[in-house]
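One-letter residues, chain by chain:
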Amino acid sequence: MAFAESESLGVAVEDGIAADPGAGRYEILDGRMTPQDVGETVRAVLRGEGVPLRDLSEPEPKPEPEPEQEREPEPGGYLIDLDGTLVRLRSRQIADAAPDTLGPIDPPACRTQVLLAAAGPLSERAEAVFDRLVEALTLRGRCYTAAEIDSIVAGMPLVARYATEEPALRDWALIFRDHYVENSVGFLLGMERAGIDREWIFALNKGDRTLHRDRVHAWFLRRGYQSDTLDNSVINGSADTAARAYAMAVNERVDEFVRRAHTAGRKVVVVDDGGLLAQGYGADGVLDERIDGALELTVSGLKRIAGAPGQLTIPVLNMARSRLKSMLGYNEIADSCVRRLRAVLPGEKFIGRHVLLLGYGTLGARVAHALRALGCRVAVVDTDILALITAAEHGYETYTSAGEALNAHTPFLIIGNTGELALTHDDLPLLPDGVYLAGFATKDFSLLSEGFEGLRSTAIPHVGVRYTLPTGTTATLLGDGRSLNLFEYEGIANRGYDAYRAGTLIAAKTLCREVGRLGPGIHLEPVDRAIDEAGLFSAYYEEYLASGTRRRPIPPADAVSLIPPADAVSPATPADAVRPATPAPVAR
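Draft legend 1. Just helix α1 (residues 35-48), in detail. The end-to-end C-alpha distance of α1 is 20 Å, a good match for the 20 Å that 14 residues give at a rise of 1.5 Å each. Every buried residue of α1 is listed here: D37, V38, G39, T41, V42, A44, V45 and L46. Once α1 finishes, G50 follows within two positions and takes phi at roughly 80 degrees, a positive value.

Below you can see the structure in the form of structure tokens.
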């Protein structure tokens, strides 16, 4: 096999179609990369596959072409000889309609389209190399550019402020399990800057279909992290056989990561949503490997920990109930929920219409207030009498069950915030025909998403699933049955989650520094104390809210220090590191 630059390929990409794909296989790819990135990625793959390379700076002499055969050189073109079959590669820069990040990039990030076309049938080995080229170019094209990473860092100034070096972190490894969104990128860069070596970071996606999950996954791999998915459906017990098998393989990777860290003299801290602790990683004698400390991010995670096997033998810092999340985090979460709801139903009228809200807790109360401010007539269901009193005294109609509320109202929209089964079989006949169901917690409408006999469904791309009930009425579950604000969406703006990510970073430093003084169990006081002592609330006020506040740019040296040097990361990730950002689809 050989690889050489071609002056003329005779293949073009026009409007996304290969003009002359030839008799063999062809693939058309595009992504955020330059033609130079394409060349570097292709060279790295072929070197790894043992394909000899000719020095392109010293081209082989060519016979003089006949006059009628002369063509102008075509940039971005290569010929690759795979076991005697020529594969033509063409690339070109293409116009881009919109930014692929939350913040606009100036100048816009380059986008390149690539065509790989084989001139004939490929041998088994050649097919494998072709696949590897496609995988590597796809991964490279999904990566964030340096300018995009600069934008993410600039959008999280509090994380940058508190990402100062903490000597205690040098001897720790980190497992981070959360949504794959931009603010997760900013947080892990902050943890690196504070002292965690990138080699000792393992990121796990919770499985939500966030808008840029593939880009985050690709960038994590290129950065040098391990990256995979441990789906919440597996933790909740609703996954199918394929997803459970995939999760078992992921757990083996986690076990190996923890084992290697301990062998290297490192402790392991987990930033989690209860997924790992629920399986027993925080208890003795349950699994082969045990972590050394954790930070729990969500209330649902706390519930999972309470039901985990074995007795908790490590300290867990409770971010979920912290004053930071209660006072600042939920406002941003509620805002993202309502914005996503309006965006997924752009043709629906909201003002003046009935909405039924199931669950008037920390998040539900804020969603109710936002919808009422919009003009919706909101009724509330909760089983907690104090929550009902609070809702009633804020002017909402209140009910103790969904059935009671549905007998009194005909809502066009039902919102679930409980984190538990919110609609039962007895409630289904009471649903108005055509009602929309919006869940901001995974379990609320799981009766439908998990299915039952007599229930029929039709997927509506980018909207959700329309169910036909045994009664003949229809109900549309928006999104994929999980948190709607994370369905094909980035969730919360980077600046909106900046304080919570900064607080998590502060708490992680505290845990790693004080792990010897913290006993087993769930701890809230050290979290609130560390955040208060760090002055995070004052910094938040000064950064975003104080009258006359002007946004201060992050000094270029600070931003650049968080970007990988050009020679620090291989242009192509090893084949065994290329893993999907989501597991096998879960049957619904």
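Draft legend 2. Local environment of the sheet that holds strand β11 (residues 267-272). Read across the open sheet, the seven strands follow the order β10-β9-β8-β11-β12-β13-β22; overall the sheet is parallel. Because the sheet does not close on itself, it has two edges, and the strands there are β10 (226-229) and β22 (521-523). For this sheet, the mean angle separating the axes of adjacent strands, direction not counted, is 20 degrees.

Draft legend 3. Representation of the packing of aromatic side chains in the model. Scanning the entire structure with this criterion turns up 11 aromatic pairs. When the ring of Y497 is compared with that of Y500, the centres are 5.2 Å apart and the planes differ by 50 degrees; the resulting orientation is tilted. With Y497 and Y500 both in helix α15 (residues 494-514), this residue pair falls three residues apart, about one helical turn. Look at Y500 and you get buried, because its relative accessible area is 3%. Grouping aromatic residues by their ring pairs yields a cluster made of Y180, W219, F220 and Y225. Here R353 stacks its cationic end above the ring of F412, 4.1 Å away from the centre of that ring. The ring of F187 carries R501 above its face, with NZ or CZ at 5.6 Å from the centroid.

Draft legend 4. Geometry of the pairing of strand β7 (residues 112-118). The buried fraction of β7 amounts to seven of the seven residues, a majority that puts the element mostly inside the structure. What you see with β7 is no split at all: T112, V114, L116 and A118 on one side and Q113, L115 and A117 on the other are buried throughout. Across six bridges, strand β4 (residues 26-31) lies against β7 in antiparallel orientation. Opposite D30, over in β7, you have Q113 as the bridge partner. Across seven bridges, strand β6 (residues 85-93) lies against β7 in antiparallel orientation. What sits directly across from Q93, in β7, is T112.

Draft legend 5. Representation of the nonpolar core. With 92 residues, the main nonpolar core has L341 and I415 as its most contacted residues. Per-element accounting of this core gives the leading share, 10 residues, to α15. In this structure, L341 is in contact with F350, L371, L413, I415, A438, L478 and L484, ignoring residues within four places of it in sequence.

Draft legend 6. Main features of the packing of helix α3 (residues 146-154) against helix α5 (residues 182-194). Direction vectors running N to C along α3 and α5 enclose 85 degrees, while the axes themselves pass 9 Å from each other. Overall, the two elements α3 and α5 adopt an arrangement that is roughly perpendicular. Contacts between α3 and α5 pair I149, I152 and V153 from the former with E182, V185, G186 and L189 from the latter. The residue inventory of the contact of α3 with α5, partitioned by class, reads five nonpolar, one polar and one charged.

Draft legend 7. Inspection of the confidence of the model for the chain at higher detail. A residue-level look at the chain finds 85% of positions with pLDDT of 70 or above and a mean pLDDT of 86. Here residues 1-19 scores under 50 on pLDDT; set against residues more than four positions off or in separate chains, the count is 72 contacts. Confidence drops under pLDDT 50 across residues 53-59; counting only partners more than four residues distant or on other chains, this segment forms 14 contacts.

Draft legend 8. The arrangement of the side chain of R177 in detail. Its location among the elements puts R177 in strand β8 (residues 172-178). Sequence-distant contacts of R177, defined by excluding residues within four places in its chain, comprise L204, K206, L230, D231, N232, I235, V271, D272, D273 and G275.

Draft legend 9. Here's a closer look at a nonpolar patch on the surface. Side chains of I385, L386 and I389 sit close together on the surface and give an oily, nonpolar patch of about 310 Å² of accessible area. Summarising the element assignment, L386 is placed in helix α12 (residues 385-393). You can call L386 exposed: its relative accessible area is 59%.

Draft legend 10. How the structure looks around helix α6 (residues 213-223). In terms of burial, α6 is largely enclosed, as 10 of its 11 residues are buried. Of the residues making up α6, those classed as buried are R213, R215, V216, H217, A218, W219, F220, L221, R222 and R223. Along its buried surface, α6 packs onto α2 (124-142), α3, α5, β9 (201-205) and β10. Downstream of α6 by a residue or two, G224 has a phi angle that is positive, lying close to 110 degrees.

Draft legend 11. Geometry of the pattern of salt bridges. Here the structure, examined in full by the defined rule, presents 30 salt bridges. D83 is the partner of R125 in a salt bridge, and the nearest nitrogen-oxygen pair spans 3.9 Å. Taken together, the residues span a long stretch of sequence, with R125 in helix α2 and D83 in the loop between β5 (77-82) and β6 at a distance of 42 residues. Taking relative accessible area as the criterion, D83 reaches 40% and is therefore assigned partly exposed.

Draft legend 12. Representation of unusual backbone geometry within the structure. Residues D106 and P107 are joined by a peptide bond in cis, for which omega reads 0 degrees. Within the fold, P107 resides in the loop between β6 and β7. Even without glycine at this site, D83 takes up a positive phi of about 55 degrees. The backbone of H462 shows a phi angle near 70 degrees, a positive value even though the residue is not glycine. Within the element layout of this structure, H462 appears in the loop between β19 (456-460) and β20 (464-468).

Draft legend 13. Structural view of the sheet that holds β20. Pairing is mixed in the open sheet, where eight strands are placed in the order β16-β15-β14-β17-β18-β21-β20-β19. Each of the sheet's edge strands pairs with one partner strand only, and the pair in question is β16 (397-399) and β19. Between one strand axis and the next, the sheet turns by 25 degrees as a mean value, whatever way the strands run. Note: strand β15 (residues 377-381) against β16, three bridges, orientation parallel. Each bridged residue has a counterpart across the sheet, and for V380 the counterpart in β16 is T398. Across the face of the sheet, α12 comes into contact with β15 and β16 while running at roughly 165 degrees to β16.

Draft legend 14. Representation of the environment of S91 in the model. Checked against the element boundaries, S91 lands in strand β6. Residue S91 is classed as buried on the basis of its relative accessible area of 8%. Spatially, the C-alpha atom of S91 lies 10.0 Å from that of Q36, the residues being 55 residues apart in sequence.

Conventions and cut-offs
- Residues numbered from 1 in each chain as written.
- Predicted model: local features only at pLDDT ≥ 70, side-chain atom pairs only at ≥ 80, totals over all residues.
- Heavy atoms only, no water.
- Helix = DSSP H or I, 4+ residues; strand = E, 2+ residues; numbered from the N terminus.
- Expected span 1.5 Å × (residues − 1).
- Buried < 20%, exposed > 50% of the residue type's maximum accessible area, 1.4 Å probe, protein only.
- Pairing = 2+ DSSP bridges.
- Axes fitted to C-alpha atoms, helices over the stretch in contact; angles between N-to-C directions.
- Phe/Tyr/Trp six-rings, centres within 6.5 Å; stacked < 30°, edge-to-face > 60°.
- Lys NZ or Arg CZ within 6 Å of the ring centre and 35° of its normal.
- Core = buried A, V, L, I, M, F, W, Y, C linked by side-chain atoms within 4.5 Å.
- Contact = heavy atoms within 4.5 Å.
- Parallel < 35°, antiparallel > 145°, perpendicular 65-115°, else oblique.
- Nonpolar A, V, L, I, M, F, W, Y, C, P; charged D, E, K, R; others polar.
- pLDDT = per-residue confidence, 0-100.
- Patch = residues over 30% accessible without salt bridge, like charges linked within 9 Å, V, L, I, M, F, W, Y side chains within 5 Å.
- Areas by Shrake-Rupley, 256 points an atom, 1.4 Å probe, with all protein chains shown as cover.
- Salt bridge = Lys/Arg side-chain N within 4 Å of Asp/Glu carboxyl O.

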